[in-house]
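# Summary of structural features
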Amino acid sequence: MTQHAQRLSYQTAGESHGPSLVATVLGVPAGVEIDTEIINRELARRQGGYGRGGRQKLETDTVEILTGVRLGKSIGAPITMLIKNRDSRLDDLKATPPVYRPRPGHADLAGSIKWLTTDCRETLERASARETAARVAACCIGRLMLKQMFDVDVFGFVRSVLDAETEVEVSYDRLGELIVARDESATYTLDAVATEQQCSIIRQTKSDKDTVGGDVECHVFNCPLGIGSSMNWYEKLDSRIAGAVMGIQAFKAVGIGLGAQCSKRLGSQLHDPIGFDSSKINAPSLGFVRSSNNAGGLEGGMTNGQPIVVTGTMKPIATLLKGLPSVDLNTKKPEESQYERSDICAVSAASVVMENVVAFEVAAAFMDKFGGDSVIETRGNYDAFLDVARTLPLDMPGGDPDTVIA
Ligand code: EPS
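So, a few notes on the structure that sits alongside this text. Given the structure is predicted, the values throughout are model-derived calculations rather than measurements.

## Considering the packing of helix α1 (residues 36-47) against helix α5 (residues 132-150)
- Packing of α1 against α5 brings their axes to within 9 Å, and their N-to-C directions diverge by 140°. Of the possible angle classes, the one that applies to α1 and α5 is oblique. Judged by the sense of rotation from one axis to the other, the crossing of α1 with α5 is right-handed. In contact with Ile38, Ile39, Glu42, Leu43 and Arg46 of α1, α5 contributes Thr132, Ala133, Val136, Ala137, Cys140, Ile141, Arg143 and Leu144.
- For the contact of α1 with α5, a count of residues per class yields nine nonpolar, one polar and three charged.

## What about a nonpolar patch on the surface?
- Together, Ile274, Phe276 and Phe288 make up a nonpolar patch on the protein surface, roughly 330 Å² of accessible area in all.
- Among the secondary structure elements, Ile274 is positioned in strand β12 (residues 274-276).
- A relative accessible area of 65% means that Ile274 is categorised as exposed.

## Here's the deal with the pattern of salt bridges
- Under the counting rule described, the total for this entry stands at 31 salt bridges.
- Note that Arg203 and Glu196 form a salt bridge whose closest N and O atoms lie 2.8 Å from each other.
- We note a salt bridge from Asp387 to Arg390, for which the minimum N-O separation is 3.6 Å. Of the two residues, Asp387 and Arg390 both sit in helix α11 (residues 375-390), three residues apart, roughly one turn of that helix.
- Overall, Asp387 belongs to the partly exposed group, its relative accessible area being 47%.

About the cut-offs
- Residues numbered from 1 in each chain as written.
- Predicted model: local features only at pLDDT ≥ 70, side-chain atom pairs only at ≥ 80, totals over all residues.
- Heavy atoms only, no water.
- Axes fitted to C-alpha atoms, helices over the stretch in contact; angles between N-to-C directions.
- Helix = DSSP H or I, 4+ residues; strand = E, 2+ residues; numbered from the N terminus.
- Parallel < 35°, antiparallel > 145°, perpendicular 65-115°, else oblique.
- Left-handed = near helix turned anticlockwise from the far one by under 90°.
- Contact = heavy atoms within 4.5 Å.
- Nonpolar A, V, L, I, M, F, W, Y, C, P; charged D, E, K, R; others polar.
- Patch = residues over 30% accessible without salt bridge, like charges linked within 9 Å, V, L, I, M, F, W, Y side chains within 5 Å.
- Areas by Shrake-Rupley, 256 points an atom, 1.4 Å probe, with all protein chains shown as cover.
- Salt bridge = Lys/Arg side-chain N within 4 Å of Asp/Glu carboxyl O.
- Buried < 20%, exposed > 50% of the residue type's maximum accessible area, 1.4 Å probe, protein only.

And the structure:
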């Protein structure tokens, strides 16, 4: 983002069938435990989910840390991670032939024109969702920072595949059992009935040589008020989250809280009433309670102390075994789009990607507010902020605060 350099940022590189993927994370303070087991667990989850193609049987994604970590902890330097591609064959033209018939819905056509070639492979190798392995590794560091410095938990799952939807409601006090339910589900959804319905849709889709998408959801728990900013569009946390989620391959819509449904309600039916419960003053919500969370935890681009709730919509993957109407870029004659090995449904994998990219954006916003070069300093800044916020009003103009409020 040109307008604003985030303290915490990342970059990925690598092609789907190149030798490896890499990710570099900048702005991690010193002292964060870089637990590769947790990163590898997320990478393994990203490879899973019912409906994936043959590639995941070939790969066992794990990270090798190349820079920025000493004795298991960050040292404040850029952290670089490498994930090897076992299916590496980029320069083997027999194994990785040119693609002249672009797939509707993929980057093939636009990219070929952009980079002035008729071989869509030049584009698709980087546009491929294989890149999300590196993105998950990078973003998982943000997730580790959130947990270790601010005790923030992030939870992502599949809400629906086509029209098969779980109706289970998500709440912080049930997080443990929700994680178990999701991890038991072949599609990463939250109940057995929805899992079976989703699997059966994916099975049918496969036998029809088609593809299918779905909706994913992510909740971020235990954020204090005031993370993000209302000062400029690019500092708004909902703007950053939306950008990160929309940036996941094949995503076509993002919502915060009720999202697109907000326009279907009057203000009096939508906005979450504000209350105060002094017994909760020590929680990050500072005692402010809301009887609903239609705003999805974000108001004015800032956290409001309620869970952040993000929804994302993934379209069906563009590579269909039965092909789609297209043209040959060399002859311009009508042809079926070219088939590349792919997935029938990657919504489960996308829920893992979404969970981690959302975690990273929230971590970046925390770092923008609290700064610091070490976990100790950042955590100290965070605690100091909460201490002052709890003692408000600091200095009321006009005397006694009760009089002013009345
Ligand atoms: C993916 C790896 C890719 C695809 C898929 C996701 O591997 P390959 O092309 O070798 O089968 O399975 O990528 C796409 C859906 C896409 O459109 O590019 C992965 O690791 O997630």
